[in-house]
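Take a look at the letters that make up each chain.
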Amino acid sequence: PVLPAAGLPKAIAAKSAPAATATSAAKPGAVLFRNVRIFNGTGDSLSGASNVLVRGNVIERVATGDIDTGTDAALTVIDGNGRTLMPGLIDAHTHIMFDTVPQAAVLTGDIGFLNVAAVKASADMLMRGFTSIRDLGGPSFGLKRGIDAGLVNGPRIWSSGAFISQTGGHGDFRLPNDLPARPGEF
């Protein structure tokens with residue numbers, strides 16, 4: 001069995017969000033996963049019982065024995081009970097701002113509502129184990145900034161910005177009764 005989605009990503013998200021400012025002197029929190037079997041994404045078998053120390057959003061140490069965590073008061077310990085720990089998943093094609101609302105809401109809805117829906121979608125994506133996404137069209141720069149600042153939970157986002165599409169293509173959001181404009185007619 002894999003660590004439940006409600007435990008692993010939530011613990012990592014709570015402890016791995018970067019500080020709101022680069023000058024913050026706060027020490028990043030740490031999470032110690034005890035008694036986990038590791039799937040590293042390259043082999044075809046799991047490790048033996050292991051311990052993994054994550055500080056901030058960096059895996060600091062992996063060991064089969066005890067790990068010295070120092071005197072970190074912000075340490076969270078998660079007992080994996082022999083479950084599988086694996087790297088975060090990457091969704092290489094998503095539209096996080098538009099995934100959870102109908103197209104009509106995207107075209108006619110309030111941008112504030114779309115942002116609220118996107119915040120929920122990003123938190124849900126993190127809970128499903130996706131720690132990184134590539135957003136291939138949509139105004140996700142504000143959401144990325146909010147996640148990077150630690151204001152909301154969500155995966156790392158690589159935003160591409162606006163869609164590039166041919167007329168009538170995947171990124172052409174005109175309604176079926178809209179007519180294309182002739183050159184010079186705006």
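About the thresholds
- Residues numbered from 1 in each chain as written.
- Predicted model: local features only at pLDDT ≥ 70, side-chain atom pairs only at ≥ 80, totals over all residues.
- Heavy atoms only, no water.
- Helix = DSSP H or I, 4+ residues; strand = E, 2+ residues; numbered from the N terminus.
- Buried < 20%, exposed > 50% of the residue type's maximum accessible area, 1.4 Å probe, protein only.
- Contact = heavy atoms within 4.5 Å.
- Areas by Shrake-Rupley, 256 points an atom, 1.4 Å probe, with all protein chains shown as cover.
- Expected span 1.5 Å × (residues − 1).
- Polar contact = N/O pair within 3.5 Å; in protein donor to acceptor, adjacent residues only side chain to side chain.
- Arc of directions from axis to C-beta.

Draft legend 1. Structural context of the overall build of the chain. Per the secondary structure count, the chain includes four helices and eight strands. Secondary structure elements of the chain occur, N-terminal to C-terminal, as α-β-β-β-β-β-β-α-α-β-α-β. Out of the 186 residues belonging to the chain, those deemed buried represent 32%. For the chain, the share of sequence-separated contacts (at least 6 apart) that also reach a separation of at least 24 residues comes to 61%. Entry remark: accessible area of the chain is about 11400 Å², with carbon and sulfur atoms responsible for 58%.

Draft legend 2. Structural context of helix α3 (residues 111-127). Taking 1.5 Å of rise per residue, 17 residues should cover 24 Å, and α3 covers 24 Å from first to last C-alpha, within 8% of that figure. Within α3, burial applies to Leu114, Ala117, Ala118, Ala121, Ser122, Met125 and Leu126. Its side-chain oxygen placed 3.0 Å from the backbone nitrogen of Gly112, Asp110 serves as the N-cap of α3. Just past α3, the residue Gly129 takes up positive phi, approximately 100 degrees.

Draft legend 3. Structural context of helix α4 (residues 141-148). If you check which residues of α4 are buried, you get Leu143, Gly146 and Ile147. One side of α4 carries all its buried residues, which in axial view fall inside an arc of 100 degrees. Of the residues in α4, the exposed ones pointing more than 90 degrees away from the buried face are Gly142 and Arg145. Looking at the packing, one finds that the buried side of α4 touches α3 and β8 (156-159). Where α4 ends, the next residue or the one after it, Gly150, has phi of about 80 degrees, a positive value.

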